[in-house]
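# A look at the structure
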Number of protein chains: 4
Amino acid sequence: MSGNTFGTLFAVTNFGESHGPAIGCVIDGCPPGMALSEADIQPDLERRRPGTSRYVTQRNEPDTVQILSGVYEGRTTGTPIALLIANTNQRSKDYGAIAQQFRPGHADYTYWKKYGLRDPRGGGRSSARLTAPMVAAGAVAKKWLAQQYGTRLRGCMTQLGEIEIPFEGWEHVPNNPFFAPMADVSPLQTYMEALRKSGDSCGARLRVTATGVPVGLGEPLFDKLDADIAYAMMGINAVKGVEIGAGFACVAQRGSTHGDAITPAGFASNNAGGVLGGISTGQDIEVSLAIKPTSSILIARPSVDVDNRPVQVITAGRHDPCVGLRATPIAEAMLALVLIDHALRLRAQCGDRGGDNTARA
Amino acid sequence: MSGNTFGTLFAVTNFGESHGPAIGCVIDGCPPGMALSEADIQPDLERRRPGTSRYVTQRNEPDTVQILSGVYEGRTTGTPIALLIANTNQRSKDYGAIAQQFRPGHADYTYWKKYGLRDPRGGGRSSARLTAPMVAAGAVAKKWLAQQYGTRLRGCMTQLGEIEIPFEGWEHVPNNPFFAPMADVSPLQTYMEALRKSGDSCGARLRVTATGVPVGLGEPLFDKLDADIAYAMMGINAVKGVEIGAGFACVAQRGSTHGDAITPAGFASNNAGGVLGGISTGQDIEVSLAIKPTSSILIARPSVDVDNRPVQVITAGRHDPCVGLRATPIAEAMLALVLIDHALRLRAQCGDRGGDNTARA
Amino acid sequence: MSGNTFGTLFAVTNFGESHGPAIGCVIDGCPPGMALSEADIQPDLERRRPGTSRYVTQRNEPDTVQILSGVYEGRTTGTPIALLIANTNQRSKDYGAIAQQFRPGHADYTYWKKYGLRDPRGGGRSSARLTAPMVAAGAVAKKWLAQQYGTRLRGCMTQLGEIEIPFEGWEHVPNNPFFAPMADVSPLQTYMEALRKSGDSCGARLRVTATGVPVGLGEPLFDKLDADIAYAMMGINAVKGVEIGAGFACVAQRGSTHGDAITPAGFASNNAGGVLGGISTGQDIEVSLAIKPTSSILIARPSVDVDNRPVQVITAGRHDPCVGLRATPIAEAMLALVLIDHALRLRAQCGDRGGDNTARA
Amino acid sequence: MSGNTFGTLFAVTNFGESHGPAIGCVIDGCPPGMALSEADIQPDLERRRPGTSRYVTQRNEPDTVQILSGVYEGRTTGTPIALLIANTNQRSKDYGAIAQQFRPGHADYTYWKKYGLRDPRGGGRSSARLTAPMVAAGAVAKKWLAQQYGTRLRGCMTQLGEIEIPFEGWEHVPNNPFFAPMADVSPLQTYMEALRKSGDSCGARLRVTATGVPVGLGEPLFDKLDADIAYAMMGINAVKGVEIGAGFACVAQRGSTHGDAITPAGFASNNAGGVLGGISTGQDIEVSLAIKPTSSILIARPSVDVDNRPVQVITAGRHDPCVGLRATPIAEAMLALVLIDHALRLRAQCGDRGGDNTARA
């Protein structure tokens, strides 16, 4: 138990390093009887995959997922679903130079201090590559949630560096490499070109949302739905901030504004972001997250080596100048994993009709 | 397992309702041999206690803690420490009127929908009163952390409604009822008086920090230190946003700025907020959180009753117009609980000298 | 997390010491809406209570349980149910003499070595008194199981020291202080009188069974129903052996005998003890356990003190000459706790109709 | 969380089915810095491997383990260690006939009833083949325990069917296919030949022991060392009974006999089996377990099919006539996993010197 398992009832155990033979995960607790094949999972992996545009790392891997267990004749059996993704494009020589140095803003330093050794190849365990198995597990969760409740997960970029991105519509998101919800992404292209030339990196802000969420997900005190979402999102590499609903804007709101009025037809607004008292209201879940700039950049930065001697670190190799560009499918997946876990928890404590008092009466 | 236990190795199980006979918690996993008495815990409870200023709820309870177990002849024995706080000032009649209605922005609605019934007296389980046992447990954690590492937890308010509060020094925090780090709090007083007269409520922004944190706390993938902090903070009643270090400001930063330079004497800045790759760096842990305005206000709001008929809800009774005013000790306590849990986890996997590679060599 | 919480979804956290102010537990995860009051719990506590016959410890305590939370207007709310039992009859002076010595066969030695200190009053945390909160929690579980499935838990003594006790019928069990399923218990009385005069203690063998158990409880690999039962039973003070169904007799059986034949009307025998592949079959759960003789006896035994000097230990004070005499309600309670936990787990993964494939089709 | 993860701090997540592409496990929480390669693991897998004598299943697989992650330059990094074992010899056609029938005494019935479907190929998830990854994980645990404390795990068969096996010495165990601790195993050979000809199967009794165990392992109340051992052993396929130390013999013992006398030089006997009050004493851990006869036999047995129609079941295919023959390395591995988990838990709560009060003073 060193924090490599996510979830309590739909539990995903992640393993692997960036440049080892393979990465993957084991899903424990998936409901039985659901149709499942690699074809349900691969599309989301494609959305996260590196090498798909000039704005992301050129490490180009197929990221082909293989189901090793838990599915028989095309249906989940209720036993663990092991998913394997081979690492096929490891250029470890890129990393040799920095094995004895710590990149500013990178996990190099803390891994070394915690464990006394680290796998420096491609960031080892700290690589964002380890989000691929979560995207795969999230695809399984998404399928079940869609079948059970009609839940739909979506995400988009809302800010790239200093540029705020207007929301023009979800339909634009799949049409550009930024997951931007707008038609003309040329300002973002121009921005990224300049950034790449400068050898620097930038941050991003994402929005992720779930519609069709049943009432009643989330535990009152600690495993609040929003607390678990915050945990899930802050656990994504490079995330430094998480908001639910109105988020930090709530500080300057009045109670008479913030509290969403309720009418017989439903809620009149969604400052709550779909969660009250830690429990889902049935409204859309609305989450916002801040992703820091990549620490692996071409600009020299002051640091130390493992013997605490001063060095200037430049990170060559293939890196994303904005990790936020590939993070949208990851955030969707993590949200899906939180939701399915709480859906099973609700069912455990309150039965199939839990989360809908009206239906029960 | 309905989310009422916080932590894995230093595990705190919370129980109680606002107007039941008592609230409390059971701490499991406390290291043995530490001197402990109620006198170590009561001061932090006093800091959180209601009725201490005109700006907070006038429900005035002594919140006296009693240790029921786990301490023998003044020392922890390693067995569960049960802490009990009697409820002495329940005026349940205040709440009768709203037992069949849902306050906008309140957990009334979701509890009802999830469980099919709820304890409406004083908010029942959803009351912020349930943070008192966490403050008590946090005091135990703080004592151990201070003895073991010299860790110190501090918090303050950084914004009240629209008013940003300048940081003039930690020494001011205990001298005013706002936990404000400034000498002259008259603007805050004026603001709160006006708010109270209007019958409305407002939000707040808090900062909480830990100094003297060892390197190596936090797990790489999911139980990252910052992910667990986000989980802890978002789990506090009314919190809608959490930031670590630079937080949302990182979006517009460059990698060359955000990544904290390292020198042989230590880090040159702290955009990371003391966490890299989910593991503590040894720098101060820096957390910021947004607290929404109280939902229990004197202004009529549109809502529905349990039969989905439209009603206008006005919440009489004793309520905090800004729950953020009493949240600083809570946030400190939750941070302390995260830190002690990870300190024990580090010790488990890496031994006593874990988190200090230099010492190990 | 030092092992004071039992169960995953119906989780019971136990606290207290034999001679502290109180003992108790917190039940987390109880389904909402069940009628519950102290009157549902007290009868089982009476069955376990000391001082009820001349064959058990004369420490006479009412063991009155108080519900502190989780119940509103007579129904469970789904939030934690805290149960408190005050300690009213602590004669700590009895134990002073042995605070620096280790009773052979007692936890004195290991607590001291593990924690570096121990609460010696009445055995502190290692006292069998700490099973009282489990009996209380078990009563809650029993009620839910009975309502949901018609499950019934029963137990009896099958051997006292060397005396094998014939099974004449469940109806005899409540009529004697041995929980013996036979009409005439005079041989057991004679045996116990002689034992008490000798100052010695003896072991016992118990049987505990559950009828009306649904098919499908238990996880395939590790949290097998029988594995969790073994864990629960071996965790009861003084238990040294556990059997399911045929138990150790299976060693000399043939597969053609052991494997219970199945007919359209059901199973033809129950060597399995109601569990196949770790999952309940719907037959009765059959468990047998061995309870060792009490270590606190009036006969001098060689031991050492805390400075490793040889001593002769005689344990005065009030002790059960056969702890097995009061263990039947405890074993029933622990079995009930295992069953409810797995019932909720089944519901989580497979839905309300899980565990009944026929009904699902 | 469907019970496929074993352990809390040294947590092993198992996946796979008998006839899927691969089986394996993920070890989370292994201490960093330990030398580890496949060569440390393979020997124990060889001891468990099928096809090695005429008395076990002739399914002959190399069971070659591959380390996929968690090891860098020959040392554990503290991140998850994924172990993969390919399935190379699946003859699924053997099982087609019984996919719609339930073998008496087999998990066929309960899987079907619980999940509504099952993977019938080779027993699917219920196959004893799934113990191979546990043997692999156990080898990692054994290595760490040996280095840290000099702990040594050993096991042997003590009864085969009706034949009690005398203990002549550990040195004989590796020299025969029965793991029998005696020189001349011809009686066992004769017995097994006759059994095989009869088409039937038999049970076995095993003993497993650990020497060099530190004092202080185990939690007082629920996660007692012996309770966790009972859970681990009863979780092994086909186990129906578990004893610690004197086991069921304690029932007829007196307290004056059972309680092991203590001298300044140590304990004078070991009825406790190395555990008092749930905590290790430093003596050898002594465990005994009963393994039922294989349910897959060549003798026709009455059963039903999935439509509840009566059938006669004969199980062709390759099966062990006594699964106990290959269970010794499995029991050793499970014991090792319990011990390492508690060793890390002890270290977490009490620090490196926990479990040795003398050293601490």
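Residues numbered from 1 in each chain as written. Chains lettered and ligands numbered in written order. Predicted model: local features only at pLDDT ≥ 70, side-chain atom pairs only at ≥ 80, totals over all residues. Heavy atoms only, no water.

What follows is about the interface of chain D and chain B. Counting residues at the interface gives 14 residues for chain D and 14 residues for chain B. Between chain D and chain B, roughly 1100 Å² of surface is buried when both sides are summed, and carbon and sulfur atoms account for 53% of that area. Where chain D meets chain B, there are 0 salt bridges. The tally of links between chain D and chain B comes to 10 residue pairs in polar contact (both at pLDDT 80 or more). (Contact = heavy atoms within 4.5 Å. Buried area = accessible area lost by both parts, 1.4 Å probe. Salt bridge = Lys/Arg side-chain N within 4 Å of Asp/Glu carboxyl O. Polar contact = N/O pair within 3.5 Å; in protein donor to acceptor, adjacent residues only side chain to side chain.)

If you look at the interface, chain A gives 110 residues, while chain B gives 111 residues. Of the roughly 8600 Å² buried between chain A and chain B, counting both surfaces, carbon and sulfur atoms make up 61%. Contact with chain B buries area across many residues of chain A, yet K114, F222 and K240 of chain A alone supply 10% of it, more than any other trio. Linking chain A to chain B there are 4 salt bridges. Note that K114 of chain B and E219 of chain A form a salt bridge whose closest N and O atoms lie 4.0 Å from each other. Counting the contacts that link chain A with chain B gives 43 residue pairs in polar contact (both at pLDDT 80 or more). Examining the composition of the side of chain A that touches chain B, we find that 7 residues originate from one element, helix α2 (residues 108-115) of chain A, more than from any other. Here the residues of the side of chain A that touches chain B are counted per class, giving 52 nonpolar, 38 polar and 20 charged. Pairing analysis gives 3 bridges linking strand β11 (residues 239-244) of chain A to strand β11 (residues 239-244) of chain B, with the strands arranged antiparallel. Within the sheet, the bridge partner assigned to V242 of chain A lies in β11 of chain B and is V242 of chain B. (Helix = DSSP H or I, 4+ residues; strand = E, 2+ residues; numbered from the N terminus. Nonpolar A, V, L, I, M, F, W, Y, C, P; charged D, E, K, R; others polar. Pairing = 2+ DSSP bridges.)

This brings us to the relation of the copies chain D and chain B. At an RMSD of 0.0 Å, chain D and chain B line up after a rotation of 180° and a shift of 0.0 Å along the axis. Seen this way, the second copy is the image of the first under a two-fold rotation axis. For chain D, the smallest separation between a C-alpha atom and the rotation axis is recorded for A348 of chain D, amounting to 2.1 Å. Same-surface contact between copies: 100% of interface residues of chain D are shared with the interface of chain B. (Least-squares fit on C-alpha atoms with pLDDT ≥ 70 in both.)

Attention now moves to the packing of helix α3 (residues 132-149) of chain C against helix α7 (residues 328-350) of chain C. Residues and elements named next belong to chain C. Packing of α3 against α7 leaves a shortest axis separation of 8 Å and a crossing angle of 50°. Relative to α7, the element α3 is oriented oblique. In this structure, the crossing between α3 and α7 has a hand that is left-handed. The residues of α7 that touch α3, namely those facing M134, V135, A137, G138, A141, K142, W144, L145, Q148 and Y149, are P329, I330, E332, A333, M334, A336, L337, L339, I340, A343, L344 and R347. Class assignment for the residues of the contact of α3 with α7 results in 17 nonpolar, 2 polar and 3 charged. (Axes fitted to C-alpha atoms, helices over the stretch in contact; angles between N-to-C directions. Parallel < 35°, antiparallel > 145°, perpendicular 65-115°, else oblique. Left-handed = near helix turned anticlockwise from the far one by under 90°.)

Applying the stated criterion across every chain, the model contains 36 aromatic pairs over all chains. When the ring of F267 of chain A is compared with that of Y109 of chain B, the centres are 5.1 Å apart and the planes differ by 80°; the resulting orientation is edge-to-face. Pair noted here: F267 of chain A is in strand β13 (residues 266-267) and Y109 of chain B is in helix α2 (residues 108-115), and the two residues belong to different chains. Taken as a pair, F267 of chain A and Y109 of chain B share a single burial class, namely buried. With centroids separated by 5.3 Å and ring planes inclined at 85°, the aromatic side chains of F102 of chain D and Y109 of chain D adopt a geometry described as edge-to-face. Overall, the relative accessible area of 2% leaves F102 of chain D in the buried class. Among the residues examined, Y109 of chain D registers a relative accessible area of 12% and is labelled buried. Through a chain of ring-to-ring contacts, the aromatic side chains of F6, F222 and Y231 of chain A together with F6, F222 and Y231 of chain B assemble into a single cluster. (Phe/Tyr/Trp six-rings, centres within 6.5 Å; stacked < 30°, edge-to-face > 60°. Buried < 20%, exposed > 50% of the residue type's maximum accessible area, 1.4 Å probe, protein only.)

All right, on to the pattern of salt bridges then. Evaluated as defined, the whole model comprises 92 salt bridges over all chains. Close ionic contact of E332 of chain B with R47 of chain B constitutes a salt bridge, the shortest N to O distance being 2.8 Å. Residue E332 of chain B is located in helix α7 (residues 328-350), and its partner R47 of chain B is located in helix α1 (residues 38-48); the two are separated by 285 residues in the primary sequence. Taking the shortest distance from any N to any O, the salt bridge between K142 of chain D and D44 of chain D comes out at 2.7 Å. Taken together, the residues span a long stretch of sequence, with K142 of chain D in helix α3 (residues 132-149) and D44 of chain D in helix α1 (residues 38-48) at a distance of 98 residues. Comparing K142 of chain D with D44 of chain D, the two get one shared label, buried. One connected set of salt bridges, linked through shared partners, spans D44, R47, K142 and E332 of chain A.

Residues and elements named next belong to chain A. The 5 strands are arranged β1-β2-β3-β7-β4 in an open sheet whose pairing can be described as antiparallel. The open sheet terminates on both sides in strands that have one partner only, identified here as β1 (5-6) and β4 (65-67). Across 6 bridges, the pairing between strand β2 (residues 11-16) and strand β3 (residues 22-28) is antiparallel. Paired with V12 across the strands is I27, a residue of β3. Contacts from helix α1 (residues 38-48) reach β4 and β7 (81-86) within the one sheet, and its direction differs from that of β4 by about 155°. The sheet contacts of helix α3 (residues 132-149) involve β1, β2, β3 and β7, and relative to β3 the element is tilted by about 35°.

Quick look at the confidence of the model for chain A now. Residues and elements named next belong to chain A. Across chain A, pLDDT averages 93, with 96% of residues at or above 70. Every residue in residues 357-361 scores below 50 in pLDDT, and together they form 11 contacts with partners more than four places removed in sequence or on other chains. Two numbers describe this predicted complex: its pTM, 0.97, and its ipTM, 0.96. (pLDDT = per-residue confidence, 0-100.)

We now examine the side chain of R48 of chain B. All names here are of chain B. Checked against the element boundaries, R48 lands in helix α1. Residue classification places R48 among the buried positions, given a relative accessible area of 2%. Not counting chain neighbours up to four residues away, the residues in contact with R48 comprise D63, A128, R129, T131, A132, V135, R326, P329 and I330.

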